Amino acid sequence: MNILEQEFIKGFIRMCSDGFAQGWHERNGGNLTYRMKDEEVKYVQSVFSYHRSWEDIGTEVPELANEYFLATGSGKYFRNVELDPEANIGIVEIDKTGTKYRVVWGLIHEAVPTSELPTHLMNHAIKKMVTDNQHRVIYHCHSTNVIALTFVLPLKDEIFTRELWEMATECPVVFPAGVGVVPWMVPGGREIAVATSKLMKDYDVAIWAHHGIFCSGSDFDTTFG
Ligand code: 13P
Ligand code: ZN
């Protein structure tokens, strides 16, 4: 079994490359996580190793206890994911309390998962619940044009929703619930994770003012789309 040949890993890597090609991932900008299916965990578990220590997530996600996530690494460049997956992405296991994680595959040389892990996991927790277990992908990118718009428009859900709906006929069809807006906040912690996951209850898209976008979806194609 070659873990790099599994469909979920190939889809994850392709999405990283596609995001880089859009110009949405300067330097280490952006991060991606995927909530693995039980059968995927079972199939690849033979290559996991359990020698790394449990670390604090920085928030609580009891809804995700004992689940496994594929995640990009903190400080890692999307450009490099396809060139060296094991150095730039990894699989993390969540403990039975939903407060700790440990790396069981990849992220070699003691690399760690994205600094936005609290937001990713809190979004996964709420989306798992409100979509009846369907959503599995959370994606954060530094989408240049939307970031520019946050310097121009008032930071309100209904204003951004209307502006984006009006920009392309397909938009209301693709995100009929609209988009939420998080005001500027310090990234990488619990506070912004709480604010974002609150919006994810109603929306699949949350804009971070002057920073980027978070999207949720059931698979890589719909989330990236
Ligand atoms: P990481 O490299 O820790 O994923 O951070 C990048 C980023 O975009 C922070 O918001
Ligand atoms: Zn970011």
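No experiment lies behind these values; they were computed from the predicted model shown.

Rules of the game
Residues numbered from 1 in each chain as written. Chains lettered and ligands numbered in written order. Predicted model: local features only at pLDDT ≥ 70, side-chain atom pairs only at ≥ 80, totals over all residues. Heavy atoms only, no water. Core = buried A, V, L, I, M, F, W, Y, C linked by side-chain atoms within 4.5 Å. Buried < 20%, exposed > 50% of the residue type's maximum accessible area, 1.4 Å probe, protein only. Helix = DSSP H or I, 4+ residues; strand = E, 2+ residues; numbered from the N terminus. Contact = heavy atoms within 4.5 Å. Pairing = 2+ DSSP bridges.

Student: Looking at this structure, how should I read the nonpolar core?
Tutor: Side chains of nonpolar character tend, in soluble globular proteins, to be buried together. Counting 38 residues, the largest nonpolar core has M36, F48, L70 and I91 as its most contacted members. Residue contributions to this core peak at six residues, all from helix α1 (residues 7–21). Among residues more than four places away in sequence, those in contact with I91 are I3, M36, F48, Y68, F69, L70, R102, V103, V104 and W105.

Student: Explain unusual backbone geometry here, please?
Tutor: What is expected of a backbone is that most residues other than glycine have negative phi and most peptide bonds are trans. At E110, a residue that is not glycine, the phi angle is positive and equals roughly 60°. Here E110 shows up in the loop between β5 (100–106) and α5 (117–130). The phi dihedral of N133 is positive, around 75°, even though this residue is not glycine. Owing to a relative accessible area of 33%, N133 belongs among the partly exposed residues under this scheme.

Student: I would appreciate a short explanation of the sheet that holds β5 in the present structure.
Tutor: Think of a sheet as strands paired side by side through backbone hydrogen bonds, with each pair either parallel or antiparallel. If you trace the nine strands from one edge of the open sheet to the other, you get β2-β5-β4-β3-β1-β6-β9-β8-β7, paired in mixed fashion. On the outer flanks of this sheet lie β2 (55–56) and β7 (180–182), each paired with one strand and no other. Note that strand β3 (residues 68–72) and strand β4 (residues 89–94) share five bridges and pair antiparallel. Pairing of L70 across the sheet is with I91, part of β4.

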